[in-house]
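Per-entry structural report
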Amino acid sequence: MSEDFEIKNKVAESGLVNFDLSELSPKGKRIGIDLKDFLFMEMILKEKDFREKVSELDTEKYRDAFAFVYCSVDAIIPIWAYFLITSKLTGIAKKVIYGTKKDLEIILMHEALEHYNFSELDGKRVLVKGCSEEDIPENAYIELVEKLKPLVKSLMFGEACSNVPIFKN
């Protein structure tokens, strides 16, 4: 092989800034609380029984976790029941929401995007990483484009060797 032959990293020379959305996802346990476990015969909310079960809830397993409250059975749950559960976990869990694990992920990513400082990407060519080990909610990609469109020179999605151009300013 010739000594004049030089391998060039065209990706590094392209000026692309890689952005991995999964790095914004808050770290920590995600734990669901199914209200059916607090109901009489998994169907009826009796206030006295409900309050007793909430008071017996082991809050330590929720310490510094992200909790989502849901009910997997078709039961009428009064709004005050969510107040009680949330009151029990506030100050222990990092966050408590009503909904599914997917709803929790959407909210967490929304908050992360709202608080992220995108100024370092101003005027840059940005490539949003396409593959991730974490499950990123689709809504996060939509919010990301809204944040980046007025800021970046161009936006692409995928990998450096194979990307989809989204827009150029």
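See above for the structure.
Here goes a summary of the coordinates provided. (Residues numbered from 1 in each chain as written. Predicted model: local features only at pLDDT ≥ 70, side-chain atom pairs only at ≥ 80, totals over all residues. Heavy atoms only, no water.)

1. Quick notes on helix H5 (residues 138-148)
Buried within H5 are the following residues: Ala 140, Glu 143, Leu 144 and Leu 148. Along the long axis of H5, the arc covered by the buried residues comes to 130°, so they all point the same way. Seen from the buried face of H5, the exposed residues on the opposite side, beyond 90 degrees, are Glu 138, Ile 142 and Glu 146. On its buried face, H5 is in contact with strand E1 (16-19), helix H4 (101-115), strand E5 (125-129), strand E6 (154-159) and strand E7 (162-168). (Buried < 20%, exposed > 50% of the residue type's maximum accessible area, 1.4 Å probe, protein only. Helix = DSSP H or I, 4+ residues; strand = E, 2+ residues; numbered from the N terminus. Arc of directions from axis to C-beta. Contact = heavy atoms within 4.5 Å.)

2. Digging into the sheet that holds E6
Taken in spatial order, the 4 strands make up an open sheet running E1-E5-E6-E7, and their pairing is mixed. Among the strands making up the open sheet, the edge pair consists of E1 and E7. Put simply, the sheet's adjacent strands are angled 25° from each other on average, direction ignored. Along the sheet face, H5 touches E1, E5, E6 and E7 and points at about 170° away from the line of E5. (Pairing = 2+ DSSP bridges. Axes fitted to C-alpha atoms, helices over the stretch in contact; angles between N-to-C directions.)

3. Focus on the packing of aromatic side chains
Evaluation of the coordinates by the stated rule reveals 8 aromatic pairs. Centre to centre, the rings of Phe 38 and Phe 50 are 5.7 Å apart; their planes meet at 50°, and the pair counts as tilted. In this pair, Phe 38 sits in the loop between strand E2 (30-34) and helix H2 (47-55) while Phe 50 sits in helix H2, placing the two residues 12 residues apart along the sequence. Taking relative accessible area as the criterion, Phe 38 reaches 7% and is therefore assigned buried. On the basis of relative accessibility, which here comes to 0%, the residue Phe 50 falls in the buried class. Ring-pair connections join several aromatic residues into one group, and the members of that group are Phe 19, Tyr 116 and Phe 118. The lysine or arginine in question, Lys 46, covers the ring of Phe 40, its NZ or CZ lying 3.9 Å from the ring centre. Stacked on the ring of Phe 167, the Lys or Arg Lys 149 has its end atom at 5.4 Å from the ring centre. (Phe/Tyr/Trp six-rings, centres within 6.5 Å; stacked < 30°, edge-to-face > 60°. Lys NZ or Arg CZ within 6 Å of the ring centre and 35° of its normal.)

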